[in-house]
Amino acid sequence: IPWAATPERGVYRSTDGGKSWEKVLFVDDDTGVSFLSMDMTNPDVLYAAMWDHRREPWNIRSGGPGSGLYKTTDGGDSWQKLTNGLPELMGNTGISVSRANPDRVWAMIEAVEGGVYRSDDAGETWQYVNDDHGIRDRGWYYTHIFADPVDEDTVYVLAASMVKSTDGGETFEGIRTPHGDNHDLWINPRNNQWMVQSNDGGANVSYNGGKTWSTQANQPTAQFYRVNVDNVFPYQLYAGQQDNSTVRIPSRTLENGISTQHFRAVAGGESAHIDFDPDNPVLVYGTSLLGSIVELNLETEERRNIEPHPYFAGFRPGRELRYRFNWNAPVLVSRHDPKVLYHASNVVLKSTDRGHAWDPISPDLTRNDPSKQGTTGGPIMIEGAGGEHYGTIMYLAESPHDANTLWSGSDDGLVFVTRDGGTNWDNVTPRGMPEAQVNAIDISPHDPATAYIAVTRYKFNDFTPMIYKTSNYGRSWTRIVDGIGEEAFTRVVREDPAVRGLLYAGTEAGVYVSFDDGDHWQSLQLNLPMVPITDLRVHGNDLVAATQGRSFWILDGITPLHQLGDVDTGDAMHLFRPQDAYRLDNSGWWPQQAENPPDGAVFHYTLAEKIEANDGSLVLEVLGDNGAVIRRFSNEAAAEDESGFVKGVIGEPPAPPLETEAGMNRYVWNLRTEPYTETSDTIRYVSTRPWRIAPGPYRVRLTLNGESVTETFNVISDPRRGPIPAEQWRHQQQLLSELGNMVNEIHESTNHMRSVVEEIQGVLALVATRSGYADIRSGGQELIDRINAWEIHVPQPDLPNGVEDRIAFPSRLLSTQVLHVMRAMDQDPPVTRGSEIRTEELRAQWADLKSDMLQILDVDLREFNAMLSAEEIPNITRR
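Now for a quick tour of the structure. Keep in mind that this is a model prediction, so the values were computed, not measured.

Calculation criteria
Residues numbered from 1 in each chain as written. Predicted model: local features only at pLDDT ≥ 70, side-chain atom pairs only at ≥ 80, totals over all residues. Heavy atoms only, no water. Helix = DSSP H or I, 4+ residues; strand = E, 2+ residues; numbered from the N terminus. Polar contact = N/O pair within 3.5 Å; in protein donor to acceptor, adjacent residues only side chain to side chain. Contact = heavy atoms within 4.5 Å. Salt bridge = Lys/Arg side-chain N within 4 Å of Asp/Glu carboxyl O. Buried < 20%, exposed > 50% of the residue type's maximum accessible area, 1.4 Å probe, protein only. Pairing = 2+ DSSP bridges. Core = buried A, V, L, I, M, F, W, Y, C linked by side-chain atoms within 4.5 Å.

## Quick word on the side chain of S67
Moving on, step 1. Looking at where S67 falls in the secondary structure, it is placed in the loop between strand 5 (59–62) and strand 6 (68–72).
Moving on, step 2. Polar contacts involving the side chain of S67 include one to the main-chain amide nitrogen of D52, which spans 2.8 Å.
Moving on, step 3. If sequence neighbours within four positions are ignored, S67 has contacts with T31, M50, W51, D52, K81, M90 and G91.

Structure, rendered in structure tokens:
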């Protein structure tokens, strides 16, 4: 813990596999452990690098009397401080024992005389072998060293870059890594060409000693400060990611998932606040460290630097600056007038001309303590990246109800509000709230006087959650944290625009939800990794989360949370009103995909008790506006054939059974009609997925043991396509229905004709060895031949099963031809003339084949049955 002096600092030892621990090395309350390294030939020999360090919101101190190197030779019972040849004043230190020669120990030391030190006598004496500033910059942040396990003269140092020495540390050469800011390295002890290296961009693997590395594009490890969303369809997420680019990425795609091809960088830098007109996100504004702010035109790619006071503030004390900007400085595009921009330093700045000119509209809205605005770093090195500029505005919020009402929150714990566009500001900081970071402000979308603030004090070593609510513009506040974990400090709180008092909180330990305006909270973690939540946004029926290390997550479809107040826990079941479903044309594939939202309609329901699976007592049906059942699901699992494979038409997997757990359950319908009648040899060329229903109103009915509940919902076409006349949808659905019925007829006819063949073969087997049945044998075989000749033009039997056989064999399957035109037609109307012409051809073709089938069944089969009757042999079934 870097934030405070604590007696818990030190080296701990466990002798029972981690069940219990004892502290075996303690220096003082300010000194912790930066690195441990063991002699791998003798586990009782351990080296500890101790670091006298404190990180405060306004300063980083690295180094002091507690820093140093220690060694134990008895497993930690006693320790010796190593000093011979080492600097007197030390800061952060890395240490590494060579596996190739345990007497050789390497140290990378932050000091005035800092750099690489080497001991060749197991730490008794040290020599200073390299003082290159290029490998020891920002000592508190890096200072990592790793001995090669095979060659005692080879050593690696990690900092902004990665370097390697093969001559005992005298000289180093660079190793290119996929990303800068390198922090850790593992080298396979049996093969030093195999490495895993980590940096601020992720992790990567090398099998050739660092000559080449694996990609980092396969890791959803982004660390986001904030998240913003626009109102286009599908809506897009925007954020700045730590030590990487900014991000814009859609919430869903028409491919099978969301991948790197959908990502683009936008305005701002790693620590960006990003904002725009959500209805027309062409001009994107993004901030970055040291007061940087940029406008990006996404149509022209023009970037404009619009800093209010272009002054390089790196390494400068805050008290010398005209404007003190937070590392994560806010920018805000007015929702009442997108030509108006707000930017915040220690004062609020306003522009009405896209950042050409800025005017302060507030006094200093921080504590403005000069003692916390000095040069940061020390006592060895200065830290000037700007992360410790203090006494800054951390968050700025504009009321959705009134353009003249603005709220500000500072990183030193003050909250101000103006209701006259900045002429007058009132300090409305909650009474008794200590110095803290006001990380987020949320103004209620339901009440202009109600606001919520999320406050953090982790930088003061205080991890308690702090959320406050006001209902009178800040004149009084109530702390609302009951139910949130005692160390789950909070970074954000949001109220749901659809339901007053439905709140979401992002904490260090995940997401929480309150249904009673913050009086009580409960976890909303679900499948979300246990990860710090840095920001939340409610967008429509989705909850969007930015995380610190696990990228973006979206909880799709939070409508059940909106309706929980309607649930009677005494009911055997409850069906939630579904949110509207989008009918989209999804296709395509890309590697390393994130998951799209569910494709189709999502149904949520609760059950008072768990239902036994596979008894058919729970049924869910989708009905059209005429009451006809379009699709039916139950809690019965799909049947299996004798081989153990689940039955179902290839191309449309069998629908899974309904969930039957006590409590909340979910089921997703892909908007497709019932599967076709099954038959073999019908899916060689195209998918047999049923067609999708048209946009419009629908009903869903849930039935449990004969008792039913019904809700309504809508299916919506892709909003980007524009309106499509209802007549075009009706025409398309009529043709698809006709063709779907044709597929069923073809398959049912095929199944029947094959059953006729099987029965005839049974008769022929019966009379095969009997005399006097020559006419039956010849007549039966002629009938089988006629059916086989007919079948060649319908399901095309006996086609080999190779994946690419469709290339080598001509397609004569009639159902394949029907399904092919259905696939072409199953898109947004109008139906093409080509599809209409092909439908007419298929009608005629099936009519001819059906006529041939009826000739076989009504004439040829009748004649054959007459022959059987004459011999008192049971007739072949004519269904």
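## What to know about the pattern of salt bridges
Side-chain pairs of opposite charge can arise whenever the charged atoms involved come near each other.
Moving on, step 1. As enumerated under the stated definition, the model contains 44 salt bridges in all.
Moving on, step 2. Two residues, R118 and D120, come together in a salt bridge whose shortest N-O distance is 3.4 Å.
Moving on, step 3. Under the relative-accessibility criterion, R118 is labelled buried at 10%.
Moving on, step 4. In this structure, the salt-bridge partner of D535 is R494, at a minimum N-O distance of 3.0 Å. Highlighted residues: D535 in strand 43 (residues 533–539) and R494 in strand 39 (residues 490–495), separated in sequence by 41 residues.
Moving on, step 5. Since its relative accessible area comes to 4%, R494 is described here as buried.
Moving on, step 6. Salt bridges linked by common partners bring R583, D585, R672, R692, R721, D826 and D828 together as one network.

## Some remarks on unusual backbone geometry
Moving on, step 1. A cis geometry characterises the amide bond from G378 onward to P379, with omega recorded as 0 degrees.
Moving on, step 2. Along the polypeptide, P379 turns up in the loop between strand 30 (359–360) and strand 31 (393–398).
Moving on, step 3. A cis amide bond, omega 10 degrees, links P829 with the succeeding residue P830.
Moving on, step 4. Mapped onto the elements, P830 comes out in the loop between helix 5 (814–825) and helix 6 (833–870).
Moving on, step 5. With a phi close to 60 degrees, T143 is a non-glycine residue in the positive phi region.
Moving on, step 6. Note on placement: T143 falls in the loop between strand 11 (127–130) and strand 12 (144–147).
Moving on, step 7. A positive phi angle is found at N705, which is not glycine, with a value near 50 degrees.

## With respect to the sheet that holds strand 36 (residues 451–457)
Moving on, step 1. Reading across from one edge, 35-36-37-38 is the order of the 4 strands in this open sheet, with antiparallel pairing throughout. Because the sheet does not close on itself, it has two edges, and the strands there are strand 35 (437–443) and strand 38 (478–479).

## A few points about the nonpolar core
Moving on, step 1. W407, I453, I467, Y504, W521, L536 and L543 are the most contacted members of the largest nonpolar core, which totals 47 residues.
Moving on, step 2. If we skip the residues at most four places from it in the chain, L536 touches V227, V492, R494, Y504, A505, G506, V511, L543, V544 and A545.

## Quick look at the environment of A107
Moving on, step 1. In this structure, A107 sits in strand 9 (residues 105–109).
Moving on, step 2. Given the relative accessible area of 0%, A107 is considered buried.
Moving on, step 3. Among all residues touching A107, those that are not within four sequence positions of it are L69, G94, I95, G115, V116, Y117, W126 and I145.

## A closer look at the side chain of N204
Moving on, step 1. Looking at where N204 falls in the secondary structure, it is placed in strand 18 (residues 202–206).
Moving on, step 2. A polar atom in the side chain of N204 sits 3.3 Å from the side chain of N199.
Moving on, step 3. Excluding its chain neighbours within four sequence positions, the residues that come into contact with N204 are P178, M195, V196, Q197, N199, W213, S214 and Q216.

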